[in-house]
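Coordinates in review
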Amino acid sequence: MNKPFIALCPEITRANALTLMDWLEDEDVTRYLSDSRHVSRFIEQVIGRVQLPILTHLFNQGGRFFMAYDGQDVPVGFVRLVKVGRDCEMVLVIGNRDNWGRKLGASAIREGMKLAFFDMRAEKLIGLARHEVQFRQLDEGVAGSPAGAAMVAALDAFETGQPLPRVTLDAPVHRVFQPHVAPLHGDPEQGGGHVILFADVTEIEELSQLKTDLVSVTSHEFRTPLTIMKGAASTLSAHWAVVDEATRNEFLGEIVKQCDRLDRMTRHILDISRIEAGRALDLQRSDVEPDELIRAVVALQTTASTTHRIEVQLADALPTVCIDRDKVEQVLINLVSNAIKYSPDGGVVTVRAEVRGDMLEVSVADQGIGISEEDRARLFQRYQRVGG
């Protein structure tokens, strides 16, 4: 069964106002509206005092007012949104009792909640509430705010044919916007106007920067093994005849080791590409003893710092697990390495493994700076690196 259709329209005409008065005279309609008499008197005064066909600006004082229309474009009620502190209060009326029971109220609530959400979201992003800007000229204090200044800059760029620059607002929250401007062709005597759309491109901007950082970091990581390999190969090439067999084997072994390192790094980049493309990772599963794997990872990291002590706490008789050893090993290396890196004052890094139900849980704990509450929400975003 199709949901009942409701459209909320912000434009209020004199005919709408007269319809509202009729609804508010019905006691069944106003039974739960404590201010219905005041509203009715206000509407009557507006109609008698203002001889304008459109009364939208008067109905939107102190809140937002919408007429609710059904699928046949017939007015069936109204919705009023009022900001109360950090919350938004909604007043809903289905005026014609013939429409009661058609679930129009539920549909109107959904539409009203969408509008309330967008209003509150916009206020959070740009720091300007609707009542501060609605029906006001840009030069009436609005332009003095960062968001208002961005509107002025976007209009100036549009009118001079310049590219519209991206806008960064750091308060109340850090966001990046791409403005778009389109002219309104209205009454020439009124001067027309413009529609300004600010598209939130913060995530796109951050992703672009993070990818740039990833390329930079990866290039640096590749340079280290290449430098070692080149040094070893150059030494062997220049002094092969005078280098003893043990030293030659040591240099050749280092070249092989660094080749393996480059191979792992390349496979990690390919894994990232697969994930970006929405494809599953190519997992090479095999039976692995978790205690042996954990101790091997710890052995690799033990020499990474002289101010840290790595403790291993393993439950008795850990079960064999079927995993991709290389990938799980890399995860554990990353966790232990980060535990050392982000506890600069040293201390104990603890690696634990225990059975929980039918799962094996491995955890790494340190005594470092930790991760802030704000950054925890971004912890598993792509290419993300957070501070302490």
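Provided above is the structure to which this section pertains.
Right, let's walk through the structure included here. Position numbers for residues count from 1 along each chain, tracking the sequence in the order it is written. With the structure being a predicted model, the display of local features is reserved for residues of pLDDT at least 70 and the display and counting of side-chain atom pairs for 80 or more, all residues being used for whole-chain, interface and lining totals. As a convention, hydrogens and water are excluded, and side-chain values are obtained from all of the structure's heavy atoms.

All right, on to the pattern of salt bridges then. Pairing between side chains of opposite charge can happen when their charged atoms approach one another. Each reported salt bridge corresponds to a side-chain nitrogen of Lys or Arg within 4 Å of a carboxyl oxygen of Asp or Glu. Across all of its chains, the model carries 7 salt bridges by this definition. Across the pair Glu-292 and Arg-325 runs a salt bridge whose closest N-O atoms are separated by 2.9 Å. Here the residue Glu-292 occupies a position in helix α10 (residues 290–301), and Arg-325 occupies one in helix α11 (residues 325–341), the gap between them amounting to 33 residues. Residue classification places Glu-292 among the partly exposed positions, given a relative accessible area of 40%. Only DSSP runs of H or I reaching four residues or more are called helices, and only runs of E reaching two or more are called strands; each is numbered from the N terminus. Three labels apply to residues, based on accessible area from a 1.4 Å probe with only protein chains included: buried if under 20% of the type maximum, exposed if over 50%, partly exposed otherwise in between.

All right, on to the sheet that holds strand β4 (residues 87–94) then. Paired strands, in this sense, are two strands between which DSSP finds at least two bridges. Taken together, the 4 strands give an open sheet; going across it, the order is β1-β2-β3-β4, and neighbouring strands pair in antiparallel fashion. Two strands bound the open sheet, and with one partner strand each, they are β1 (7–9) and β4. Here the average twist between neighbouring strands, direction ignored, is 30°. Across 6 bridges, strand β2 (residues 64–69) lies against strand β3 (residues 75–84) in antiparallel orientation. Bridge assignment links Arg-64 to a residue of β3, and that residue is Leu-81. In what follows, residue pairs with any heavy atoms lying within 4.5 Å of each other are defined as contacts. Note on geometry: axes are C-alpha line fits, over the in-contact stretch for helices, and angles between N-to-C directions span 0 to 180 degrees. Each of β2 and β3 touches helix α1 (residues 14–24); the most contacted strand, β3, lies at about 90° to it.

Here the focus is the nonpolar core. Ranked by internal contacts, the top residues of the largest apolar core, which has 18 residues, are Leu-20, Ile-43, Phe-59, Phe-65, Met-67 and Phe-78. The set of elements that each furnish at least two residues to this core consists of α1, α3 (36–49), α4 (56–59) and β2. In contact with Leu-20, not counting residues within four places along its chain, are Ile-43, Phe-59, Phe-65, Met-67 and Phe-78. Counting 17 residues, the second-largest nonpolar core is a separate cluster that includes Leu-318, Val-321, Val-351 and Ala-353. Residue types Ala, Val, Leu, Ile, Met, Phe, Trp, Tyr and Cys, when buried and joined through side-chain atoms within 4.5 Å, form a set referred to as a nonpolar core.

Attention shifts here to the sheet that holds strand β9 (residues 308–314). A sheet is described by the order of its strands in space; here 3 strands give the open sequence β9-β11-β12, paired in mixed fashion. Either end of the sheet is taken by a strand with one partner, and the two such strands are β9 and β12 (359–365). Between one strand axis and the next, the sheet turns by 10° as a mean value, whatever way the strands run. Together, β9, β11 (347–356) and β12 form the strand contacts of α10, whose direction differs from that of β9 by roughly 180°.

What follows deals with a nonpolar patch on the surface. In this scheme, patches are assembled from residues that exceed 30% relative accessible area and form no salt bridge. Like charges are connected within 9 Å, while nonpolar side chains (Val, Leu, Ile, Met, Phe, Trp, Tyr) are connected within 5 Å. All accessibility values rest on the Shrake-Rupley procedure with a 1.4 Å probe; residue burial counts only the protein chains present in the view. A cluster of nonpolar side chains, Ile-275, Leu-281 and Leu-283, forms an exposed patch at the surface whose accessible area comes to about 240 Å². Turning to its location among the elements, Leu-283 is positioned in the loop between α9 (245–276) and β8 (285–288). Classification of Leu-283 as partly exposed rests on a relative accessible area of 39%.

For residues that are not glycine, phi is negative in most cases, and the peptide bond is trans in most cases. Phi is positive for Asp-73, close to 65°, though the residue is something other than glycine. Looking at where Asp-73 falls in the secondary structure, it is placed in the loop between β2 and β3. The class of Asp-73 is exposed, set by a relative accessible area of 59%.

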